[in-house]
Structure formats: structure tokens, C-alpha cells
Amino acid sequence: MQISGALLLELGMILTALSVLGALARRFALSPIPLYLLMGLALGEGGIAPVPAAGAFVETGAGIGVVLLLLVLGLEFTVSEFTVSMRRHLRSAVLDLVLNAAPGAMAGWLLGLDADGVLALAGVTYISSSGIIARLLGDLGRLGNRETPAVLSVLVLEDFAMAVYLPLLAVIAAGGTWRQALVAVVLALGTVLAAFALSYWWGHHVGRLLLHLRPEGEQLLLRVLGLTLIIAALAEAVHVSAAVGAFLVGLLLTGEAADRAREVLSPLRDLFAAVFFLAIGLSVSPKSLLPVLPAALLLAFVTVLTKLISGWYAARREGAGLRGRLRAGTALIARGEFSIVIIGLAGAHQDRLGALVAAYVLLLAVAGPVVTRLADLRGTTGPPHPIQTTVP
Amino acid sequence: MDVDEVLLPGVGLRYEFVNRQGDRIGVIARRSGRFDLMVYERMDLDTARFVLQLTNEEADTLAELLGAPRIAERFADLTKEVPGLSAGQVEVRAEGPFADRPLRETRARTRTGASIVAIVRGEEVIPSPGPEQVLRPQDVLVVIGTHDGIAAVEQIIRG
């Protein structure tokens, strides 16, 4: 077998650079996502250091990255957490959806995008980054705070909304009519509910099958990944998007099976998700960023305010005081992985949209953690020393 | 004492209680198996001050240090809440068949369905003893199961 030295070298240098950037981001308790994007921008066409040999790998890896991101998202889900969040925070979730999707949709319409562009941009501004925020709350020592359940509940309900939204987007992006889209939504909702029901009544059987003969790490990894990729491929074949298929597999697994799957998959997810962010950066040319910057800034500013209101409202329902409400509102600002997943699904053929979203996520993935830290400057709530966390 | 339980979606569970001195204490049991310990600000009950983080084993050790004398009592409380489940104590005697034998050889769970969840040895408590744990004379086994299951374990241990 001929091993390409160029591929190994380029890949090695990319991963090393990513690790240095990631460490730098962690040092300041920021998300590494914007740095991965920037690196992709730097490496892309018109960038400073093109990587021709590693291109094919990055492209394939990015696809696997989306599948793994959504699989692990599904694994995070438990029916009880969803129902508790629903009961306490349905109103917060509705407010969050309306307030934050509207600016995106409006901006898309003003920019003259077509239906799928408008829908995609609405999703981009709506969905907070549960990855960034969950980690941030842990890092800042806020898990014990009164507003925290409100923040986490809103995130869970957003993630659930994504399960319905992504298939809809996939159909519209494929050029379907509104009637087809409606059918797709009903189908998607039905499938998600079916997955929930399956997971509730038969999830332990699937889990038992997966854990049959007490598989070690490697065995378990191969089983989960194999199953997920097959289902993802089937979903893609019926135009439901591989990512959604993977999410449903994640939903289906519960309890011990989910815990163990999460354990073996997390490092792999981290690797391929980094490649995915890199690939999005690669697909955007740095020159196209400058013209969209004013729009991105304005959109970021408006949606910082709307998230602030949603978080404020949700935290008030938990009985948190003014500071807590401010902390909750600012915590929700960060956008990240899922805004980019959306653009991966819809924006491949829309260069301007891709650039806008890349700029928007760059801004808010950095601003979110910074702003929410500023909201709490008394300096007594943080951990006395940095904690090693593995939560993404 | 009232312990409040709050669900933290995606993270785990938070338990809170107020001690006699009026400090509000929080424990977060993360899904990953780690624990965070926190204390609330007296002035602002919304804000928890992070105290320390414990791994699974560290938390076990701390629980053992703090709760050793009460462990059997707590099991008894627990079983009150689950109908059909009870807790019992079985003493290992020097002349019994399993004195100085590993727990595995009793095959208690396979034969009776009841579980030996702890061994009390003098002042020491061994929670969740493994199959290799050697039983000593005068050990008291804390057994959880059905009434009949516990009786059956007692018969096995007594010989």
C-alpha cells in the first residue's frame, strides 16, 4: 500500500496547529470553534497555506463530523429531561424560538435570499451552542446557580426543535415545494416521536443488543459507529439527511448503552468535529468575508439582545434575581456547532450565506463566553483553580 | 432534613440542603460520575460558590468518612420507600461455611436474588463489596432483596 507522505505531513501539521489553537482557547475558557474556523479560512483558496493533499480527507472527515456531532447530541437526550424541561420551560422555549429566529429570517429576506436561505438563517440565529454553553457553565462554576436549570432547559428544547427543523431544511434545500416541506415536517415529527417512544419502551433492548457480550471499548465503538453510519446512509437515501438519521440513533440509545457509547465516541467526535469546522472555514474564501461583515455585526448585535431577553425570561421563571437573569441571558448568546451544521446542510451552494454565517459564528462564539463572564464580575463564583473538564 | 433535588438537563442532578448553621450546601452529581461541591452565598442565594470537584472514587471515600456509621440505617430508610423490598443484616459466624472465604463462593445473588450491598466490619464499612471480598467472622452483611431472599441468604451464610 502506498502511503502519501504529503497527506500525512499536511494532516499532521493541521492537527498540531489545531491542538495549539485549542489549548490557547481553553487557557482563556473560550470555545475553540472560532479558531478552527479561522484556521480553515487561512488554509482555503486564497488563504496563506493551501493544503491540496489533505483536502479529500478533510472533506470526508467533515461529513463524519456532522454525523458524530448529532449522534452524540442524541445520546445526551433523555426523555425525562425533555419532559421536565417541557413542563417548566415551554413558554421560555417558544419565546426563545420567536425572538431569535425572527431576526435571522428577516435578515435573510432583506438580503434577498431564497426560501431555504431564509429558513437556514433563521435556524442559525435561533440555535445557541449547547456545546459551548454547557462547558462554560461548568468552567465558570455556575452549575449550582439558580438560573442554570433554566438555561439548560432552553438548550434541551432548542436541540429538540432542531430534530424537527433539520429535515425540513434538508427538503427545502433540495428544492422541494412547501407542500413537500409540510409532509417532511410531519414525517420528521412523527419519526422523532416514534424514536422517543421506541427509546422509552424498547430502548433497553437496543441497548442490550449493543452491550451484548460486554464489549470492550473497541468493539463498542465499532458497533455504534457501524450502526449509526448505516442508518445515516439510509436517512440520506430517503432525503432526510444523514445528520438527522444519526440524531435518531442517538435518541434511541438510553441508560448504560448511551453512557458507554458517549464515553467511547467523545474523542472521535471531538476530532471529526474539529475537521468539520475546519472544512467550513475552508469552503469560505477570506475575501468574501469583508463584504458581509457589516451585516454579520448587525445581526450579531440584534440577536445578542434577543437572547438576553429569552434568557432573562427563562431565569425569571426559575425565580432567579436580576443578576441571575443577566447571567442566563448572556450565557445563551454563544452560537457555534449547530449554526455551522445548518450551513453545512443548506449553504453549500450559497456562498454569500456561508460567509455571513461563518462571520456571525466567529463573532458570537467568541463574544458569548466573554460577555457572560463580564456579567458576573464579582469574581467570587469562579472555581479557585482551572478544572479539567471533558464536557465539550 | 429536606434535600431539594433539581434536574440539570444534560449535566446531571443537583441536591441542596441547609445545615443547622444556615449555610446552603449544594452537591452536583454529574452524569460523568464526578461530583461538584458548592456553598451558596449568604447574601445572594442565586449564586453558588464552587468549592471542589471530586471523582467517583474520591466521592465514595468522602461519603464513607462522613456516613459510615449511618450506612445500614440509610439502607433501611431506602427500602421503606420501595414496596416489596427490604433490608436485613446477616452475621458471619466463625463456625459458618463462609468464614474466611470470598463472597463469590456464597453465590448469594444467583441463588436468592438478594444482594449483599455492604459489609460492616467493626467500625469499618465496605460498600458494594466485590466478589473477591473475603468474609471474616463477626462481619455483618447488609442484604437487600425480598423478604424471602434475605431469609435465604441468612440460611446460606449460617450453613
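The model shown is predicted, which means the values in this text are computed figures rather than measured ones.

**Some remarks on the overall build of chain A**
Within chain A, the secondary structure is distributed over 15 helices and zero strands. For chain A, the C-alpha radius of gyration of 20 Å lies close to 21 Å, the compact-globule estimate for 392 residues. The principal-axis extents of the C-alpha atoms in chain A amount to approximately 65 × 55 × 50 Å. The buried share of chain A, taken over its 392 residues, is 54%.

**Structural notes on the confidence of the model for chain A**
On average, residues of chain A score 84 in pLDDT, and 92% of them reach the 70 mark or higher. For residues 379-392 of chain A, every residue scores under 50 in pLDDT, and the model assigns this stretch 33 contacts once sequence neighbours within four places are set aside.

**So, the interface of chain B and chain A**
If you look at the interface, chain B gives 25 residues, while chain A gives 33 residues. Summed over both partners, the interface of chain B with chain A buries about 2200 Å², with 53% contributed by carbon and sulfur atoms. For the interface between chain B and chain A, the tally reads three salt bridges. Across the pair B:Asp46 and A:Arg146 runs a salt bridge, and its minimum N-O distance is 3.3 Å. Those elements giving two or more residues to the side of chain B that touches chain A turn out to be strand S1 (4-8), strand S2 (12-18), strand S3 (24-30), strand S4 (35-40) and strand S5 (48-54) of chain B. Counting residues per element, the side of chain B that touches chain A draws most heavily on S5(B), which supplies five residues. Counted by class, the side of chain B that touches chain A contains 12 nonpolar, three polar and 10 charged residues.

**Describing a nonpolar patch on the surface**
A surface patch of nonpolar side chains, about 410 Å² in accessible area, is lined by A:Met86, A:Leu90, A:Val94, A:Leu97 and A:Val98. Tracing the chain through its elements places A:Leu97 in helix H4 (residues 79-110).

**Focus on the confidence of the model for chain B**
Looking at chain B as a whole, the pLDDT averages 83, with 91% of positions reaching at least 70. Among the prediction metrics, the complex's ipTM stands at 0.76, with pTM recorded as 0.76.

**Observations regarding the packing of H4(A) against helix H12 (residues 286-317) of chain A**
Residue and element names in this part refer to chain A. For the pair H4 and H12, the least separation of the axes is 9 Å and the interaxial angle reads 175 degrees. When the axis of H4 is compared with that of H12, the two are roughly antiparallel. Residue-level inspection shows Arg-88, His-89, Arg-91, Ser-92, Leu-95, Asp-96, Leu-99, Asn-100, Pro-103, Gly-104 and Ala-107 of H4 in contact with H12, the latter providing Leu-299, Val-302, Thr-303, Thr-306, Lys-307, Ile-309, Ser-310, Tyr-313, Ala-314 and Arg-317. Of the residues in the contact of H4 with H12, the class split is nine nonpolar, seven polar and five charged.

Reading guide: rules and limits
Residues numbered from 1 in each chain as written. Chains lettered and ligands numbered in written order. Predicted model: local features only at pLDDT ≥ 70, side-chain atom pairs only at ≥ 80, totals over all residues. Heavy atoms only, no water. Helix = DSSP H or I, 4+ residues; strand = E, 2+ residues; numbered from the N terminus. Rg over C-alpha atoms; globule rule 2.2 N^0.38 Å. Buried < 20%, exposed > 50% of the residue type's maximum accessible area, 1.4 Å probe, protein only. pLDDT = per-residue confidence, 0-100. Contact = heavy atoms within 4.5 Å. Buried area = accessible area lost by both parts, 1.4 Å probe. Salt bridge = Lys/Arg side-chain N within 4 Å of Asp/Glu carboxyl O. Nonpolar A, V, L, I, M, F, W, Y, C, P; charged D, E, K, R; others polar. Patch = residues over 30% accessible without salt bridge, like charges linked within 9 Å, V, L, I, M, F, W, Y side chains within 5 Å. Areas by Shrake-Rupley, 256 points an atom, 1.4 Å probe, with all protein chains shown as cover. Axes fitted to C-alpha atoms, helices over the stretch in contact; angles between N-to-C directions. Parallel < 35°, antiparallel > 145°, perpendicular 65-115°, else oblique.

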